[in-house]
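These are the residues of each chain, in order.
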Amino acid sequence: MDAPTAFRQQLLGVIPSLRRYARSLVFDSHAADDLVQTALERALAHWHQFDQRRDILVWTISIAHNAYIDERRRHARASLVEPSEGFDPDASHPAPGNDIGLQLDLIKALGRLSLEQREVLLLVTLEQLSYAECAEALRIPIGTVMSRVSRGRIALRALLDGKDAMPPQGTLRRVV
Amino acid sequence: MNTAPDDTLLSAWIDGELPAEQRAEVEAWLREHPDDAARVRAWSADARSLRAALDPVLDETVPVALTQTVWRKGPALLPNLGWARLAAAFALFVLGGAVGAGLMWRAQAPVAGGAAASASGWVQRAAVAHSVYVPEVRHPVEVRAQEEHLSRWLTRRLDVPVKLFDLREQGFELVGGRLLPDASGPSAQLMYQAITPPGAASAAAKPERVTVYLRKPDDATPAAFRYEQQGELGLFYWVEGKSANSGPTGYALVGALPRDKLLALAEAIYRQDPSRP
């Protein structure tokens, strides 16, 4: 059975937020939209698993998260550059201006956070998910959300202050 | 609080995740410890910078390929084998036996609406708001049509003139309206439903409803009068230009009606627009 119109409407409604989330994970806008597309396809294929009492954004973010992890695994052996390494702010020749410089520093710093910290920090600050929703989307305990947000904040600030004390990249877990 | 709150607690305070008592303790601590307060302010500023850097994505026009994906019938067209294998494993794991029906799906061409679904984000939000509130039986609107302040309230909040359009000639009466959040500010939804002929009142099924979504448009929104079909929903949208007494207003009329019927309603609204002389 195909997904009903109402479900498709709901999906349309979350596309802007999904695109922002994806952009914050992979930075490159085309790669980000490919990720959104993959997430939408998966959501449509599994629409009947969506419990209407849940928040569709949390559900689709969870799907996009898994898609991203899968993609990284798939490309791991193909020696894909990390998004943070692939993103070269100098290559984009920005117009002079304080804000743009600041944003590039910020995005660069963001890219150097471990994925675990970055993702939690983004879900809480950008998507404004509660810790409980964030825990649901990533299938991790609330306490873990809490400590990752906090460590992510500290690490981001340290990077922006020019201190470079990054913890090694943690292991990733796919949410099933 | 006698002992210093740790960073986890300070961070949770920023996110409003602490119970009232703990919150008060952290606030008391921050008042007396300017260094910690400065750190917390820096974290909050970083969060604002993150939003400033990435929020503009929300207002970008959604790529047509994505809206087409949403309207495509049948199973997703999997781009490559590795993906397909993973998807299959995922399906087997999660679905178990329930997947059988899925095998009968056939890929079909995208529906007609998909190809035209290039509207900007706010039009999508109009469609979503329609789908969310139209089925409501008890609380379809926030403020009922009878209340005089509806128009004044929405006008004040939207910063665009909100007129309660009279669509009775077209067979629709106003139910009321509500204020809705949009990506770049508030928007309003006016709901109308088909006037039921006397005598047929309670026997009739759910009355037909249409909604009018109004907002202050982005600069990027084209002023042209456009039509779009999304599944069973039809949408007319346009932007009324600036006039002597008001700025531009974006309109989207949404309803599961035949196109000509919806067009008659759109034209009635267009004629009654408050910015026209």
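Calculation criteria
- Residues numbered from 1 in each chain as written.
- Chains lettered and ligands numbered in written order.
- Predicted model: local features only at pLDDT ≥ 70, side-chain atom pairs only at ≥ 80, totals over all residues.
- Helix = DSSP H or I, 4+ residues; strand = E, 2+ residues; numbered from the N terminus.
- Buried ≥ 20, exposed ≤ 12 C-beta atoms within 10 Å, placed from the backbone.
- Contact = placed C-beta atoms within 7 Å.
- Nonpolar A, V, L, I, M, F, W, Y, C, P; charged D, E, K, R; others polar.
- Axes fitted to C-alpha atoms, helices over the stretch in contact; angles between N-to-C directions.
- Parallel < 35°, antiparallel > 145°, perpendicular 65-115°, else oblique.
- Left-handed = near helix turned anticlockwise from the far one by under 90°.
- Pairing = 2+ DSSP bridges.
- pLDDT = per-residue confidence, 0-100.
- Expected span 1.5 Å × (residues − 1).
- Arc of directions from axis to C-beta.
- Core = buried A, V, L, I, M, F, W, Y, C linked by C-beta atoms within 7 Å.

Trainee: Describe the overall build of chain B, listing the residues and the values that go with them.
Mentor: For chain B, the helix and strand inventory stands at 9 helices and 7 strands. Within chain B, buried positions represent 31% of all 277 residues. Of the contacts formed within chain B by residues at least 6 apart in sequence, a portion of 65% connects residues at least 24 apart.

Trainee: Can you break down the overall build of chain A residue by residue, with the values?
Mentor: Counting its secondary structure elements, chain A contains 8 helices and 0 strands. Its helices and strands in sequence order give chain A the pattern α-α-α-α-α-α-α-α, from N to C terminus. Looking at the 176 residues of chain A, the share that counts as buried comes to 44%. Across chain A, every contact between residues at least 6 apart in sequence was considered, and the portion connecting residues at least 24 apart equals 69%.

Trainee: Please provide a residue-by-residue account of the interface of chain B and chain A, values included.
Mentor: With 44 residues of chain B in contact, the opposing surface of chain A contributes 47 residues. Examining the composition of the side of chain B that touches chain A, we find that 9 residues originate from one element, helix α3 (residues 34–54) of chain B, more than from any other. Residues of the side of chain B that touches chain A, tallied by class, amount to 25 nonpolar, 11 polar and 8 charged.

Trainee: Describe the packing of helix α1 (residues 5–26) of chain A against helix α7 (residues 121–133) of chain B, and please don't skip the residues or the numbers.
Mentor: Packing of α1 of chain A against α7 of chain B leaves a shortest axis separation of 9 Å and a crossing angle of 140 degrees. It follows that α1 of chain A is oblique to α7 of chain B by the angle criterion. Handedness of the crossing formed by α1 of chain A with α7 of chain B: left-handed. Of the residues in α7 of chain B, those touching α1 of chain A at A6, Q9, Q10, L12, G13 and P16 of chain A are G121, Q124, R125, A127, V128 and S131 of chain B. Of the residues contributing to the contact of α1 of chain A with α7 of chain B, the split by class is 5 nonpolar, 6 polar and 1 charged.

Trainee: Explain the sheet that holds strand β7 (residues 249–255) of chain B to me, and be specific about the residues and the numbers.
Mentor: Residue and element names in this part refer to chain B. Judged by pairing direction, the sheet is antiparallel, and its 7 strands sit side by side in the order β1-β2-β3-β4-β7-β6-β5 without closing on themselves. The open sheet has two edge strands with one neighbour each: β1 (143–144) and β5 (226–230). By the bridge criterion, 10 bridges tie strand β2 (residues 172–182) to strand β3 (residues 185–194) in an arrangement that is antiparallel. Within the sheet, the bridge partner assigned to E173 lies in β3 and is Q193.

Trainee: Outline the environment of I142 of chain A, supporting the account with residue identities and numerical values.
Mentor: Residue and element names in this part refer to chain A. Turning to its location among the elements, I142 is positioned in helix α8 (residues 142–160). Assessed through the 16 C-beta atoms surrounding it within 10 Å, I142 is described here as partly exposed. Separated by 12 residues in sequence, I142 and S130 have C-alpha atoms that sit 9.7 Å apart. Excluding anything up to four places from it in sequence, I142 contacts Y131, A132 and A135.

Trainee: Residues and numbers for the pairing of β7 of chain B, please.
Mentor: Summarising burial for β7 of chain B: 7 of the 7 residues are buried, a large majority. Burial along β7 of chain B is two-sided: the face carrying T249, Y251, L253 and G255 of chain B and the face carrying G250, A252 and V254 of chain B are both buried.

Trainee: Which residues make up the confidence of the model for chain A, and what values do they have?
Mentor: Residue and element names in this part refer to chain A. Of the residues in chain A, 76% reach a pLDDT of 70 or more, and the chain-wide mean stands at 80. Within chain A, the lowest mean pLDDT, 44, falls on helix α4 (residues 83–86), and the highest, 94, falls on α8. In this model residues 166–170 is a low-confidence stretch, pLDDT under 50, and it forms 6 contacts with partners more than four residues away in sequence or in other chains.

Trainee: Requested: an account of helix α9 (residues 259–272) of chain B, with residues and values cited.
Mentor: Side chains of residues three or four places apart in an α-helix project in the same direction, reflecting 3.6 residues per turn. Residue and element names in this part refer to chain B. Compared with the 20 Å implied by 1.5 Å per residue over 14 residues, the 20 Å span of α9 between its first and last C-alpha is a close match. For α9, the full list of buried residues reads L262, L265, A266 and I269. End-on, the buried residues of α9 take up no more than an arc of 100 degrees, which puts them together on one face. Summarising the geometry of α9, the exposed residues directed more than 90 degrees from the buried face are D260 and R271. Structurally, α9 contributes buried residues whose contacts are with β2, β4 (209–215), β6 (233–240) and β7.

Trainee: A description of the confidence of the model for chain B should follow, citing residues and the corresponding values.
Mentor: Residue and element names in this part refer to chain B. Summary statistics for chain B give a mean pLDDT of 77 and a share of 73% for residues scoring 70 or more. Overall, residues 76–82 carries pLDDT values under 50, and its contacts beyond four positions in sequence, including any with other chains, amount to 8 contacts. Model confidence for the complex is summarised by a pTM of 0.51, with the ipTM given as 0.77.

Trainee: Which residues make up the nonpolar core, and what values go with them?
Mentor: Of all hydrophobic cores here, the largest spans 88 residues; its most connected members are A64 and C134 of chain A together with L235 and L253 of chain B. No other element matches the 9 residues that α1 of chain A contributes to this core. Within the second largest apolar cluster, 5 residues are counted, among which are L10, L30, V40 and W43 of chain B.

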